[in-house]
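Here's the letter readout for the chains.
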Amino acid sequence: MNSAEPDNRGAPASESIAEALRALILEGSLGPDARLPGEQELAQRFGVSRPTLREALKRLAAQNLIRTRRGAAGGTFVNRVGWEEAREQLAATTTLLVSTTPIDAEPLAEARLTLLLACAPLACARRREAHLAALQAEIAFAEAPDTDDRAFCASDVRFHRVLGEATDNPLLALHLAGAVEAVQPLLNMLSYRMRDRAAILVRHRAIAERLEARDSAGMATELEALAAYTLALVREAQKLRAARRTPKAGDAD
């Protein structure tokens, strides 16, 4: 059987094998750093050719579930993924998705705000001095006169990431970081020509103050106000862009 031949469900054999191995990895039967059997043994076990088996392994590697190491001690191993690596992968995947899939800015902003509001109570309850210092460092960096637009946007992303880290909940922080690092740059790109840095920094200072005071309700109010300001800018920018694209009366065809 080759990789183009379907299994009894009509799916390519390589896909079925990849799904079977993926299930073993996710359920823990093949743990982090575990070495998979050799290609010949796996091919015999699944009753397929080695090219088909290799295609299945390529699918798993593309999902960052396995890695291959050459040499005497080489082989195919289950990846051990840390939180930071998972954040980078999630942010990259989400960025690719929102950049290549038609979606309005409003649901993106809504998702980001919803995650931030979910983080607010835990962040206020669990924040440490290091989180407050990180927010103040980003505020100082953003208000420096030599901070250009690109650096300001990057600081904006880092500021929001700290709010997730302050929850001391790695899974919540992971999903917030994925959304913020994908959505925030897009919203900034749409609105940066119209935004008032001073107005944004006023909100950032207020958010930091509410976090320091452990005032989750006040922090939620400030997050909502900042989100509303950003979305208003995005809507205005979209209107101006649409107006520029609309032919004026009397223009030549």
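What comes next is a walk through the structure. (Residues numbered from 1 in each chain as written. Predicted model: local features only at pLDDT ≥ 70, side-chain atom pairs only at ≥ 80, totals over all residues. Heavy atoms only, no water.)

**Re the packing of aromatic side chains**
Move 1: Inspection of the entire model under this criterion finds 0 aromatic pairs.
Move 2: Taking the ring centre of Phe141 as reference, the NZ or CZ of Arg158 above it sits at 5.5 Å. (Phe/Tyr/Trp six-rings, centres within 6.5 Å; stacked < 30°, edge-to-face > 60°. Lys NZ or Arg CZ within 6 Å of the ring centre and 35° of its normal.)

**What about the state of the cysteines?**
Move 1: Within this structure, the stated rule accounts for 0 disulfides.
Move 2: With no disulfide of its own, Cys119 lies 11 Å from the sulfur of Cys124, the closest cysteine sulfur.
Move 3: What makes Cys119 buried here is its relative accessible area of 1%. (Disulfide = S-S within 2.5 Å. Buried < 20%, exposed > 50% of the residue type's maximum accessible area, 1.4 Å probe, protein only.)

**Structural notes on the packing of helix H1 (residues 13-26) against helix H3 (residues 50-62)**
Move 1: For the pair H1 and H3, interaxial distance at closest approach is 8 Å and the crossing angle is 50°. It follows that H1 is oblique to H3 by the angle criterion. Crossing hand, H1 versus H3: right-handed. Across from Ala13, Ser14, Glu15, Ile17, Ala18, Leu21 and Arg22 in H1, the residues of H3 making contact are Thr52, Leu53, Glu55, Ala56, Leu57, Arg59 and Leu60.
Move 2: Split by residue class, the contact of H1 with H3 holds 8 nonpolar, 2 polar and 4 charged. (Axes fitted to C-alpha atoms, helices over the stretch in contact; angles between N-to-C directions. Helix = DSSP H or I, 4+ residues; strand = E, 2+ residues; numbered from the N terminus. Parallel < 35°, antiparallel > 145°, perpendicular 65-115°, else oblique. Left-handed = near helix turned anticlockwise from the far one by under 90°. Contact = heavy atoms within 4.5 Å. Nonpolar A, V, L, I, M, F, W, Y, C, P; charged D, E, K, R; others polar.)

**Comments concerning the pattern of salt bridges**
Move 1: Scanning all chains against the criterion turns up 14 salt bridges.
Move 2: Where Glu39 meets Arg54, a salt bridge forms, and the shortest distance between an N and an O atom there is 2.8 Å. Taken as a pair, Glu39 in helix H2 (residues 39-46) and Arg54 in helix H3 lie far apart in primary sequence, 15 residues in all.
Move 3: Assessed through its relative accessible area of 39%, Arg54 is described here as partly exposed.
Move 4: Salt-bridge contacts for Arg210 lead to Asp215; the nearest nitrogen and oxygen are separated by 3.9 Å.
Move 5: Residue Arg210 is classed as partly exposed on the basis of its relative accessible area of 26%.
Move 6: A single network of salt bridges, built from pairs that share partners, joins Arg203, Glu209, Arg210, Asp215 and Glu222. (Salt bridge = Lys/Arg side-chain N within 4 Å of Asp/Glu carboxyl O.)

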